[in-house]
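What the coordinates show
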Amino acid sequence: MLSQSQIDTAAADLLRAEAERAQIGLLSLRHPEMTLDDAYAIQAAQMVQKRAQGRRIIGWKIGLTSKVMQAALGIETPDSGVLYDDMAFESGETVPAGRFIQPRVEAEIAFVMKAPLEGEVTRAAVLAATDYVTPALEILDTRILRSDPATGVARIICDTVSDNAANAGIVLGSARHDPQDVDLRWTGAIVSKNGAVEATGLGAAVLNDPVTGIVWLARRMGQYGQRIEAGQVILSGSFIAPIECPARTAIAADFGPFGQVAIDFE
């Protein structure tokens, strides 16, 4: 277990990496003894600093929901991160050059809440608390190296969680649907990069049902004295592998009758 000083130092290093667009080394190598609780404590320490700087929390993201991604990291649980107001982009907007270090994009279903959720909630409670669901893209970035250049050792879930679950941006579509009127397991998208189809996927890839991710998140947050608030946005988890987005990349996700969402990178 890390000391408060070690947690604060790691959080400060990550905030500096974000500001300077320069990655730091793996925290799991710096602190081989660190636990997942330590990682969430580092994430929370950054939250305190960002809110003190005037940034507002607009929601939460759930990651590592697919079996493929969990197997790659040797885990059996998702992770979560915080969405801040300066992470929000309009669909069709262009991300300025240099805004991110190594941006990637994932396609997801976003839940916008009308009531709070906390603790041991049910699927029915999640649906009742949801105002609407909408197509979304998540922009990922890594303030921590994906692997150690000297040893080749890859980052682990403690690194990812400390790094705010690799979250960097959110893009919401304009379509709004009652989650009880659509089968979210069969809701998916055709995702194109620079006009060519890059990936396809269905909501069922997310823990067999995107709603399950919200149930998990409410319970996870309850363990740390947090809760999902009314008005917040929840990214329920990607149903495609991350798409690399270097300069001059255009991403468009066609969710069919569910809607569309797009983002460009300068």
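Residues numbered from 1 in each chain as written. Predicted model: local features only at pLDDT ≥ 70, side-chain atom pairs only at ≥ 80, totals over all residues. Heavy atoms only, no water.

As named in an unreviewed UniProt entry, the chain is 2-oxo-hept-3-ene-1,7-dioate hydratase, taken from Thioclava indica.

1. Looking at the packing of helix α1 (residues 4-20) against helix α3 (residues 36-52)
Running from N to C, α1 and α3 cross one another at 60°; their axes reach a closest spacing of 8 Å. As the angle between them shows, α1 and α3 are arranged oblique. Note that α1 runs across α3; the crossing there is right-handed. Residues I7, D8, A10, A11, L14, L15 and E18 of α1 form the contact with α3, whose own contacting residues are A41, I42, A45, Q46, Q49 and K50. Its residues assigned to classes, the contact of α1 with α3 shows 8 nonpolar, 2 polar and 3 charged. (Axes fitted to C-alpha atoms, helices over the stretch in contact; angles between N-to-C directions. Helix = DSSP H or I, 4+ residues; strand = E, 2+ residues; numbered from the N terminus. Parallel < 35°, antiparallel > 145°, perpendicular 65-115°, else oblique. Left-handed = near helix turned anticlockwise from the far one by under 90°. Contact = heavy atoms within 4.5 Å. Nonpolar A, V, L, I, M, F, W, Y, C, P; charged D, E, K, R; others polar.)

2. Topic: the pattern of salt bridges
Within this structure, the stated rule accounts for 12 salt bridges. The residue D13 makes a salt bridge to R30 at a minimum N-O spacing of 2.9 Å. A residue pair is termed long-range when its members are at least 10 positions apart, and D13 in helix α1 and R30 in helix α2 (residues 27-30) qualify at 17 residues. In this structure, the salt-bridge partner of R227 is E118, at a minimum N-O distance of 3.5 Å. Of this pair, R227 sits in the loop between α7 (210-223) and β10 (233-238) while E118 sits in the loop between β5 (104-113) and α5 (123-129), and the two are 109 residues apart along the sequence. Taken together, the salt bridges that share partners define one network made up of E18, K50, R55 and D86. (Salt bridge = Lys/Arg side-chain N within 4 Å of Asp/Glu carboxyl O.)

3. Structural notes on the sheet that holds strand β12 (residues 249-254)
The mixed open sheet is built from 5 strands, whose spatial order is β4-β13-β12-β8-β9. Of all strands in the sheet, those bounded by a partner on one side alone are β4 (94-95) and β9 (196-202). Of the strand pairs in this sheet, β4 and strand β13 (residues 260-265) are connected by 2 bridges, and their pairing is parallel. Paired with T94 across the strands is D264, a residue of β13. (Pairing = 2+ DSSP bridges.)

4. Thoughts on the packing of aromatic side chains
Tallied over the entire structure, the rule returns 4 aromatic pairs. A centroid spacing of 5.2 Å and a plane angle of 40° characterise the contact between Y40 and Y224, whose relative ring orientation is tilted. Of this pair, Y40 sits in helix α3 while Y224 sits in the loop between α7 and β10, placing them 184 residues apart in sequence. Centre to centre, the rings of F89 and F100 are 6.2 Å apart; their planes meet at 65°, and the pair counts as edge-to-face. With F89 in strand β3 (residues 88-90) and F100 in the loop between β4 and β5, this pair connects stretches of sequence that are 11 residues apart. A single burial state applies to F89 and to F100, both of which are buried. Ring-pair connections join several aromatic residues into one group, and the members of that group are F239, F255 and F258. Across from the ring centre of Y84, 4.8 Å away, lies the NZ or CZ of R55, which sits over that ring. If you follow R220 out to its NZ or CZ, it ends over the ring of Y40, 4.3 Å from the centre. (Phe/Tyr/Trp six-rings, centres within 6.5 Å; stacked < 30°, edge-to-face > 60°. Buried < 20%, exposed > 50% of the residue type's maximum accessible area, 1.4 Å probe, protein only. Lys NZ or Arg CZ within 6 Å of the ring centre and 35° of its normal.)

5. Quick look at unusual backbone geometry
In the Ramachandran plot, A165 falls in the positive-phi region, its phi being about 55° despite a non-glycine side chain. Note that A165 resides in the loop between α6 (157-162) and β7 (167-172). Despite not being glycine, N208 has its phi angle at roughly 75°, a positive value. Using a relative accessible area of 46% as the deciding quantity, one classes N208 as partly exposed.

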